[in-house]
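Given next are the chains, with one letter for each unit.
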Amino acid sequence: MTSANTPFDKGSEVRGIFEKIAGYYDRMNFVMTLGRHAQWCREVAARVAPAEGGQLLDLATGTGVIALEMARRYPDATVTGVDFSQEMLRRAMTKPGADAVRWRQADAMSLPFEDESFDGITEGYLLRNVADLDGVLREQSRVLKPGGRIVILETCPPSGLMKPLMKWAIRFVVPLLGQIVARDRSSYTYLESSTLAFKSPEHVAGVLRGLGFQNVGWGKKFFGTNVILWATKPQ
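Rules used in this analysis
- Residues numbered from 1 in each chain as written.
- Predicted model: local features only at pLDDT ≥ 70, side-chain atom pairs only at ≥ 80, totals over all residues.
- Heavy atoms only, no water.
- Helix = DSSP H or I, 4+ residues; strand = E, 2+ residues; numbered from the N terminus.
- Rg over C-alpha atoms; globule rule 2.2 N^0.38 Å.
- Contact = heavy atoms within 4.5 Å.
- Areas by Shrake-Rupley, 256 points an atom, 1.4 Å probe, with all protein chains shown as cover.
- Lys, Arg positive; Asp, Glu negative; His and termini not counted.
- Charge placed at Lys NZ, Arg CZ, Asp CG, Glu CD.
- Patch = residues over 30% accessible without salt bridge, like charges linked within 9 Å, V, L, I, M, F, W, Y side chains within 5 Å.
- Salt bridge = Lys/Arg side-chain N within 4 Å of Asp/Glu carboxyl O.
- Polar contact = N/O pair within 3.5 Å; in protein donor to acceptor, adjacent residues only side chain to side chain.
- Buried < 20%, exposed > 50% of the residue type's maximum accessible area, 1.4 Å probe, protein only.
- Axes fitted to C-alpha atoms, helices over the stretch in contact; angles between N-to-C directions.
- Parallel < 35°, antiparallel > 145°, perpendicular 65-115°, else oblique.
- Left-handed = near helix turned anticlockwise from the far one by under 90°.
- Nonpolar A, V, L, I, M, F, W, Y, C, P; charged D, E, K, R; others polar.

Re the overall build of the chain
Secondary structure assignment for the chain yields 9 helices and 7 strands. Compactness check: the chain gives a C-alpha radius of gyration of 17 Å against a globular reference of 18 Å for 235 residues, within 12% of the reference. Principal-axis analysis of the C-alpha atoms places the extent of the chain at approximately 45 × 40 × 40 Å. The contacts in the chain between residues at least 6 apart in sequence include a share of 69% that link residues at least 24 apart. As presented, the chain carries roughly 11100 Å² of accessible surface, and 53% of it is formed by carbon and sulfur atoms. Each charge class in the chain was averaged separately, 29 positive and 25 negative side chains, and the resulting centres sit 7 Å apart.

This is the structure:
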């Protein structure tokens, strides 16, 4: 427990959770999205659309679903999958096709890459797990080449007519599924709280525009509980 005089280290807390849930991460994503997660990851990979032979970066790669899809979709590209959880990366590296991806353990807040190194950046469920959303997007802008695209898969706080029902589902059903499927209610209670507390797509889009990105757009998924956002760094 963090005392009143001890700074809260969100990064350490999140790293501990993802090290813990790595073994059932894919299964829970499948159950919670009724099988739609893989389809969303394919859309993220399709939307990044690099030039032939480009350099692609997948942040918060987890078990590598997006990175592996990019390697399949763009065989002439070089794909790098980055995560700060060694256990997640270990799981990713056991999957079919994993040799086509360069796996690297790193913190998305301080990427070990030169300026303008990548033609496209993807990420899945990164932003709600960082303490400084603006800072992590600024770091991505730094390593993205002009003309490159960023594509983000993220949870979305519910809104509109479905808001009461979806808030109830996120608050009670997600932790319950964590208990049933993974025998881990506490980690998925964190997922519930971080989803409900996360920023709207409009807010994230505003941050991207503030960093100079153009052609910013998004599309909500699964009753508005998930969203894919995209934006292009100007030439």
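Some thoughts on a nonpolar patch on the surface
Among the surface-exposed residues, Met162, Leu165, Trp168, Phe172 and Phe223 lie close enough to one another that they form a single nonpolar patch of about 550 Å² accessible area. Structurally, phenylalanine 172 can be placed in helix α7 (residues 163–182).

Re the side chain of aspartate 119
As for its position among the elements, aspartate 119 is in strand β4 (residues 118–124). A polar contact is formed between the side chain of aspartate 119 and the backbone nitrogen of glutamine 55, at a distance of 2.7 Å. Among the polar contacts made by the side chain of aspartate 119, one reaches the side chain of lysine 145 at a distance of 3.5 Å. Non-local contacts of aspartate 119, meaning those with residues more than four positions away in its chain, are made with Gly54, Gln55, Leu144, Lys145, Gly148 and Arg149.

Section: the pattern of salt bridges
Pairs can form between side chains of opposite charge once their charged atoms are near each other. Here the structure, examined in full by the defined rule, presents 12 salt bridges. Taking the shortest distance from any N to any O, the salt bridge between lysine 95 and aspartate 26 comes out at 2.7 Å. Note that lysine 95 is positioned in the loop between α5 (86–92) and β3 (101–105) and aspartate 26 in helix α2 (residues 25–32), a separation of 69 residues in sequence. Classification of lysine 95 by relative accessible area gives partly exposed; the value is 22%. Aspartate 26 sits in the partly exposed class, given a relative accessible area of 32%.

Looking at the packing of helix α3 (residues 37–48) against helix α4 (residues 65–73)
It is at 9 Å that the axes of α3 and α4 come closest, and there the two elements cross at 50°. One way to sum up the angle between α3 and α4 is to call them oblique. As for the relative orientation of α3 and α4, their crossing is right-handed in sense. In this structure, α3 contributes Cys41, Arg42, Val44, Ala45, Ala46 and Val48 to the contact, and α4 contributes Val65, Ile66, Glu69, Met70 and Arg73. Looking at the contact of α3 with α4 residue by residue, the classes come out as 8 nonpolar, no polar and 3 charged.

Comments concerning helix α6 (residues 133–143)
Of all the 11 residues making up α6, 8 are buried; the element is thus mostly covered by neighbouring parts of the structure. Those residues of α6 that sit buried are Leu133, Gly135, Val136, Leu137, Glu139, Gln140, Ser141 and Val143. Considering only its buried residues, α6 is in contact with β1 (55–59), β4, β5 (144–155) and α9 (201–210).

Some remarks on the environment of glycine 224
Mapping glycine 224 onto the fold places it in the loop between β6 (214–221) and β7 (226–232). Linking glycine 224 and cysteine 156, residues 68 residues apart in sequence, is a C-alpha distance of 6.5 Å. When residues no more than four places from it in sequence are discounted, the contact partners of glycine 224 are Cys156, Pro157 and Pro158.

Just geometry here; none of it tells us what the structure is for.
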